[in-house]
Amino acid sequence: MPAPHSRQVTITEIAREAGVSVPTVSRVVNGRDDVSAATREKVEALLRHHGYRVQRAPRRSRAFLLDLVFDDLDSPWAVEIIRGVEEVAHAAGAGTVVSAVHGRTDSAEAWLQNLHRRASDGVLLVTSQLQEDLGPALRESSVPLVVVDPAGQPPLDAPSVGATNWAGGVAAAQHLVQLGHRRVAHVGGPSRLLCSRARLDGHRAGLEAAGLALEPRLVREGDFRQASGLRAAQELLDLDDPPTAVFAASDQMALGVYEAVRRRGMRVPEDLSVVGFDDLELATWASPPLTTVRQPLAEMGATAARTLLDLADGREVPHPRVELATTLVVRDSTAPPKLEHSR
């Protein structure tokens, strides 16, 4: 066996060579007992080979606590994610701490300090722009991280759980085209978010598959909230040749479109067909009930929580990138366009 390296290797290098996660190596180094015997033996052999100077910390038991972090919590969308996480955490005997950092660096720093004090077993980061800032700090602390519905490309060593946003956009567009719509507008979420871009790209692809083009002036950007859907729909309905259908990238924005239609003395779907995205409970209570793309939010939260518990237990994650299927749920907000609009 070659002589140990003279340079002090890092935990990251040991993890890469062992084919395990950085948190797993950290647990071995710190004498934690929540690592399988086979994994511990492999990592310890590499540590000895590289002459790694192990400073063993006192053993600590599992905190059985998961941190669930959002940018904001002012949406029923977040409630569904929490529900899925809570179900899995409760079954595992773990608690959940829910935080909102509101997109501010100072909030993120305060949260990170609290995380260290709580000694949480891991972090679920939901649709956050703070991944680049938090990722290195979490890795230094050996805190496992799973990203839910990533805002952008997640860190290479962080598993992620999302949904098939592009396929959902395709399904929405194809449904409207099959009904006879030719001018289908799109009200999207913030363009900085990966899910927003994927839904728009899917919408465009669905139209192109039918030989139609998505006109740039039929595209508006919102923020997933109702008021932005209202504003976007008002602009679209003011066009000389307004759309006969709208695909809104969230159910809340779709309800904003409903309100724009109501204020003009028009009706859904007689004057404008509307498709949403998420399938929140409010979609079934809308008038008329909303046709929407179901995003399995609770299942996403549950899958992410199970992945995080596996990491916390030192188990390897076989599929670091998981996308759960979206499905179109047809209700009463879509119908063929009026003849005068479909020419």
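Residues numbered from 1 in each chain as written. Predicted model: local features only at pLDDT ≥ 70, side-chain atom pairs only at ≥ 80, totals over all residues. Heavy atoms only, no water.

Engineer: If you had to explain the overall build of the protein to someone new, which residues and values would you point to?
Structural biologist: Each helix and strand in the protein was counted, giving 13 helices and 12 strands. Among the 343 residues that make up the protein, the fraction classed as buried is 54%. For the protein, the share of sequence-separated contacts (at least 6 apart) that also reach a separation of at least 24 residues comes to 74%. For the protein, the exposed area adds up to about 15,800 Å²; of that, 52% sits on carbon and sulfur atoms. (Helix = DSSP H or I, 4+ residues; strand = E, 2+ residues; numbered from the N terminus. Buried < 20%, exposed > 50% of the residue type's maximum accessible area, 1.4 Å probe, protein only. Contact = heavy atoms within 4.5 Å. Areas by Shrake-Rupley, 256 points an atom, 1.4 Å probe, with all protein chains shown as cover.)

Engineer: Go over helix α7 (residues 165-178) with me, naming the residues and quoting the values.
Structural biologist: Over its 14 residues, α7 runs 20 Å from end to end, which matches the ideal 20 Å to within 8%, given 1.5 Å per residue. Residues N165, G168, G169, V170, A172, A173, H175, L176 and V177 constitute the buried set of α7. Following α7 by one or two positions, G180 has its phi on the positive side, about 110°. (Expected span 1.5 Å × (residues − 1).)

Engineer: How would you explain helix α8 (residues 194-209) if you had to name every residue and give the values?
Structural biologist: With 16 residues, α8 extends 22 Å from end C-alpha to end C-alpha; this agrees with the ideal 22 Å at 1.5 Å per step. Every buried residue belonging to α8 is among C195, S196, A198, R199, L200, G202, H203, G206 and L207, and all of these are buried. For α8, the elements touching its buried residues are α7, β6 (184-188), β7 (219-221), β8 (245-248) and β9 (273-278). After α8 finishes, the residue G211 shows a positive phi value of roughly 80°.

Engineer: Account for the pairing of strand β4 (residues 145-148), with residues named and values stated.
Structural biologist: Side chains L145 and V147 of β4 all project onto a buried face; the interleaved residues V146 and V148 project onto the opposite face, where all are buried too. The pairing of strand β3 (residues 122-126) with β4 spans four bridges and is parallel. Paired with L124 across the bridge in β4 is V146. Where β4 meets strand β5 (residues 160-163), two bridges bridge the pair, whose relative direction is parallel. Along β5, the bridge assignment pairs V147 with S160. (Pairing = 2+ DSSP bridges.)

Engineer: Tell me about the sheet that holds β4, and name the residues and values.
Structural biologist: The pairing of strands in a sheet happens through backbone hydrogen bonds and is either parallel or antiparallel. Strand order in this open sheet of six strands is β2-β1-β3-β4-β5-β11, and the pairing throughout is parallel. Where the open sheet ends on each side, the last strands, each with one partner, are β2 (95-100) and β11 (321-324). Shown here is a sheet whose adjacent strand axes are inclined to one another by a mean of 20°, direction ignored. Sheet strands in contact with helix α4 (residues 76-91) are β1 (65-70), β2, β3 and β4, and its direction is about 170° off that of β1. (Axes fitted to C-alpha atoms, helices over the stretch in contact; angles between N-to-C directions.)

Engineer: Before we move on, could you go through unusual backbone geometry and cite the residues and values that matter?
Structural biologist: The omega torsion across V268 and P269 is 5°, close enough to zero to call that bond cis. Position of P269 relative to the elements: it lies in the loop between α10 (251-263) and β9. Residue S287 is joined to P288 through a cis peptide bond whose omega torsion reads 0°. Relative to the elements of secondary structure, P288 occurs in the loop between α11 (281-285) and β10 (291-294). Here D149, not a glycine, exhibits a phi torsion of approximately 50°, which is positive.

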